[in-house]
Amino acid sequence: MDLNLEDIGQNIERYIDDDKFLSSLKANQICKILDNSRLTSSQYSTLFFNLSKYFGKVDMLIILSHAHTDIFQTRNDARLVSDTISSVLGINTLNNLFSFYDDTSDNNQIDITVRTSDYLGHVIKISPESTVSDLKNIIQEDLSIDSNIQQLYLERTLLKDNQKIKDLRFNQDSFIEVTEDHSHPSNRCSCREGSSNNEEDENINEEEEENDDDDDGEEEEENTKN
């Protein structure tokens, strides 16, 4: 039976765990399938661990060279792929190399101390290549301060969003002061919404009072007639 290798490649997720199907393929067929597919890190790991049951390391190396992956979203994605390559090829040096790269990447980060009205010394790890805008996003995640209203100061100098962390002049005792700009449009919108809600509540209360007055007037008229 002729196989549509291009179609299989475009629907690779249906086949990565099908041992019967994978065991029936030849190495060159798998290469053609992979030429037409793109794998997530999880699919990559599952597929190549399964293929390693049926192919030797030489074939696996050739097959691996045809694989395409999605852009890694996290370090764990990259780590999963690197662990898979090391395992199926049986090359421990690769694993050591990737581990060393992970460690040096961590070492490239620097510690920045930020101060707010509630936090006197919160430490944030960040890459020197990041921007002040990136730092604001981390502060928002860590301290729940909206990045849109943050104003960051280093030694009384207001920092701009596009400034690189590596270009800021830190010394051993430096810290970044975080203040909140409550005049930001996002806050004003919230205030206006709150005001609108209050006005609606007041209008409802006034209508209820008018209805109560009307009811009282009708009762008085009926009593007078009686």
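Note that the structure is predicted; figures quoted are calculated from it, not measured.

What counts as what
Residues numbered from 1 in each chain as written. Predicted model: local features only at pLDDT ≥ 70, side-chain atom pairs only at ≥ 80, totals over all residues. Heavy atoms only, no water. Axes fitted to C-alpha atoms, helices over the stretch in contact; angles between N-to-C directions. Helix = DSSP H or I, 4+ residues; strand = E, 2+ residues; numbered from the N terminus. Parallel < 35°, antiparallel > 145°, perpendicular 65-115°, else oblique. Left-handed = near helix turned anticlockwise from the far one by under 90°. Contact = heavy atoms within 4.5 Å. Nonpolar A, V, L, I, M, F, W, Y, C, P; charged D, E, K, R; others polar. 1 Å grid on protein atoms, 1.4 Å probe; cavity = no way out; pocket = protein on both sides within 12 Å on 5 of 7 lines; lining within 4 Å. Points joined across faces, edges and corners; volume = space filled by probe spheres on them. pLDDT = per-residue confidence, 0-100. Pairing = 2+ DSSP bridges. Salt bridge = Lys/Arg side-chain N within 4 Å of Asp/Glu carboxyl O. Buried < 20%, exposed > 50% of the residue type's maximum accessible area, 1.4 Å probe, protein only. Arc of directions from axis to C-beta. Core = buried A, V, L, I, M, F, W, Y, C linked by side-chain atoms within 4.5 Å.

(A) Region of interest: the packing of helix H3 (residues 27–35) against helix H5 (residues 57–64). Running from N to C, H3 and H5 point in directions that differ by 20°, and their axes come no closer than 9 Å. Considered as vectors, H3 and H5 are oriented roughly parallel to each other. Handedness of the crossing formed by H3 with H5: right-handed. Facing Ala27, Ile30, Cys31 and Leu34 of H3, the residues of H5 in contact are Asp59, Ile62 and Ile63. Looking at the contact of H3 with H5 residue by residue, the classes come out as six nonpolar, no polar and one charged.

(B) Structural context of empty space enclosed by the protein. Counted by the stated rule, this structure contains one cavity of 30 Å³ or more. Computed from the structure, the largest cavity encloses a volume of approximately 60 Å³. Around the largest cavity, the lining residues are Ile8, Ile12, Tyr15, Phe21, Leu22, Leu25, Ile30, Ile33, Leu34, Leu47 and Leu51. With three residues, the single largest contributor to the lining of the largest cavity is H3. A breakdown of the residues in the lining of the largest cavity according to their chemical character gives 11 nonpolar, no polar and no charged.

(C) Representation of the confidence of the model for the protein. Per-residue pLDDT for the protein has a mean of 82; in total, 76% of the residues score no lower than 70. Confidence, read as mean pLDDT per element, is least for helix H9 (residues 185–225) in the protein (54) and greatest for H3 (96).

(D) Region of the structure containing the sheet that holds strand E5 (residues 176–180). Taken in spatial order, the five strands line up as E2-E1-E5-E3-E4 in an open sheet, and their pairing is mixed. Two strands close off the open sheet at either side, each with one partner strand: strand E2 (122–126) and strand E4 (157–158). Looking at chain direction, strand E3 (residues 150–154) and E5 are connected through five bridges and run antiparallel. Bridge pairing in E5 links tyrosine 153 to glutamate 177.

(E) Expanded view of the pattern of salt bridges. This model, assessed by the stated rule, comprises six salt bridges. Lysine 125 is paired through a salt bridge with aspartate 111; the nearest N and O atoms lie 3.1 Å apart. Separated by 14 residues along the polypeptide, lysine 125 in strand E2 and aspartate 111 in strand E1 (residues 110–115) bring together distant segments of the chain. Glutamate 129 serves as the salt-bridge partner of lysine 166, at 3.3 Å between the closest nitrogen and oxygen. Note that lysine 166 is positioned in the loop between E4 and E5 and glutamate 129 in the loop between E2 and helix H8 (132–143), a separation of 37 residues in sequence. What makes lysine 166 partly exposed here is its relative accessible area of 48%.

(F) Broad picture of unusual backbone geometry. Even without being glycine, serine 144 reaches a positive phi, approximately 60°. One can find serine 144 in the loop between H8 and E3. With phi around 50°, glutamate 155 is a residue other than glycine that occupies positive phi space. Looking at the secondary structure, you find glutamate 155 in the loop between E3 and E4.

(G) Quick peek at H5. Every buried residue of H5 is listed here: Met60, Ile63 and Leu64. The buried residues of H5 occupy an angular sector of 95° when the element is viewed end-on, so they sit on one face. Structural note: H5 exposes Val58 and Leu61 on the side pointing more than 90 degrees away from its buried face. The inward-facing, buried residues of H5 contact H3, helix H4 (41–51) and helix H6 (75–89).

(H) Seen up close, the pairing of E5. Strand direction decides the pairing type here: E1 and E5, joined by two bridges, are parallel. Residue pairing for E5: valine 114 is matched across the bridge by isoleucine 176.

(I) Fine view of the nonpolar core. The biggest cluster of nonpolar side chains holds 26 residues, and the ones touching the most others in it are Leu34, Phe48, Leu51, Met60 and Ile63. Taken together, the elements giving at least two residues each to this core come down to helix H1 (5–10), helix H2 (19–23), H3, H4, H5 and H6. With residues up to four places along the chain from it excluded, the contact list for isoleucine 63 reads Ala27, Ile30, Cys31, Leu34, Phe48, Leu51 and Phe55. Ranked by size, the runner-up nonpolar core spans 16 residues in total, among them Ile112, Leu143, Leu152 and Ile165.

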